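Letter by letter, the chains look like this.
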Amino acid sequence: MHPLIKAFIGILLIVAAVWYIFKGLVIPGVLSLAPAWNDVKIVLNGSIPLFVALMGFFIAWLEYDEWKIEKELREEEEKEKRARQKRKRSRRKKR
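Reading the values: the criteria
Position numbers for residues start from 1 in each chain and track the written sequence from start to end. Totals for whole chains, interfaces and linings use every residue, but because this is a predicted model, local features are given only for residues with pLDDT of at least 70 and side-chain atom pairs only at 80 or more, for both listing and counting. Only hydrogens and water are set aside; all other atoms, that is, all heavy atoms of the structure, feed into the side-chain values. Each helix is a run of DSSP H or I of at least 4 residues and each strand a run of E of at least 2, with the numbering of both proceeding from the N terminus. Radius of gyration here uses only the C-alpha atoms, and the compact-globule reference equals 2.2 Å multiplied by the residue count raised to the power 0.38. Only protein chains enter the accessibility calculation, which uses a 1.4 Å probe; a residue is then buried when its area is under 20% of its type maximum, exposed when over 50%, and partly exposed in between. Here is the rule: rings of Phe, Tyr and Trp (six-membered ring for Trp) pair when centre to centre is within 6.5 Å. Planes less than 30 degrees apart are stacked, more than 60 are edge-to-face, and the remainder are tilted. In a helix, the anticipated span is given by 1.5 Å times the number of residues less one. Residues forming no salt bridge and having over 30% relative accessible area are the ones grouped into patches, like charges within 9 Å of each other and nonpolar side chains (Val, Leu, Ile, Met, Phe, Trp, Tyr) within 5 Å. Note on areas: Shrake-Rupley with a 1.4 Å probe; residue coverage comes only from the protein chains shown. The salt bridge criterion pairs a side-chain nitrogen of Lys or Arg with a carboxyl oxygen of Asp or Glu, the two atoms within 4 Å. In this tally, Lys and Arg are treated as positive and Asp and Glu as negative; His is ignored, and so are the chain termini. A charged residue contributes its charge at one atom only: NZ of Lys, CZ of Arg, CG of Asp or CD of Glu.

> Can you help me understand the overall build of the protein chain in this one?
Helix and strand counts for the protein chain come out as two helices and two strands. When the helices and strands of the protein chain are read in sequence order from the N terminus, they spell out α-β-β-α. Scaling as 2.2 N^0.38, a compact globule of 95 residues should have a C-alpha radius of gyration of about 12 Å, whereas the protein chain reaches 31 Å, well beyond that. Structurally, the protein chain occupies a C-alpha span of about 100 × 40 × 15 Å along its principal axes. Within the protein chain, buried positions represent 2% of all 95 residues.

> Help me understand the packing of aromatic side chains in this model?
In this description, a pair of aromatic rings is defined by centroid distance and the angle of the planes. Tallied over the entire structure, the rule returns three aromatic pairs. With 5.3 Å between their ring centres and 25° between their planes, Phe22 and Trp37 make a pair best called stacked. Placement of the pair is Phe22 in helix H1 (residues 3-23) and Trp37 in helix H2 (residues 37-94), with a sequence separation of 15 residues. According to the relative accessible area criterion, Phe22 is exposed, its value standing at 51%.

> What's the story with H1 in this structure? I'm lost.
For the α-helix, the turn length of 3.6 residues means that residues three or four positions removed from each other point alike. When the terminal C-alpha atoms of H1 are compared, their 30 Å separation across 21 residues agrees well with the 30 Å that a helix rising 1.5 Å per residue should span. Looking at the residues trailing H1, positive phi occurs at Gly24, about 85°.

> Any chance you could explain the environment of Val30 here in plain terms?
If you trace the backbone, Val30 turns up in the loop between strand S1 (25-27) and strand S2 (31-33). We classify Val30 as exposed; its relative accessible area is 68%.

> Whenever I open this one, a positive patch on the surface confuses me. Can you help?
Taken together, Lys81, Arg84, Lys86, Arg87, Lys88, Arg89, Arg91, Arg92 and Lys93 make up a surface patch of like positive charges. With respect to the element layout, Arg91 can be found in helix H2.

> What am I meant to see in a nonpolar patch on the surface here?
A grouping of Tyr20, Leu25, Ile27, Val30, Leu31 and Leu33 is seen on the molecular surface, where their side chains present a nonpolar patch of about 480 Å² in accessible area. With respect to the helices, strands and loops of the structure, Leu33 is situated in strand S2.

> Explanation requested: the pattern of salt bridges in the structure shown.
Close approach of charged atoms allows side chains of opposite charge to pair. Summed over the entire model, instances satisfying the criterion amount to one salt bridge. A salt bridge links Arg82 to Glu78; its shortest N-O distance comes to 3.6 Å. Linking Arg82 with Glu78, this pair stays in helix H2, spanning four residues, or about one helical turn.

> Looking at this model, I keep getting lost on a negative patch on the surface. Mind explaining?
Taken together, Glu72, Glu75, Glu76, Glu77 and Glu80 make up a surface patch of like negative charges. In this structure, Glu76 sits in helix H2. In this structure Glu76 comes out as partly exposed when scored by relative accessible area, which is 45%.

Written as structure tokens, this is what we have:
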């Protein structure tokens, strides 16, 4: 399917969803649905705190992981420093 057709379908879906949220859906004699704005507010009221909590967990996990990596790098640098000092000592002894 052509990308412009997909984009047009996407725009139609957005418009239909926004229309339903604020105006409802009425098909005379067949269907009558009230506007969904109150339902949207309830969903947002429940999902935003959960989203904030998940973001907090993600940030804490990233910082913990960064802290672990920095610790490992410091240990690796200390090992390299000790190895260099050991090589210097062995060179001095050979002289």
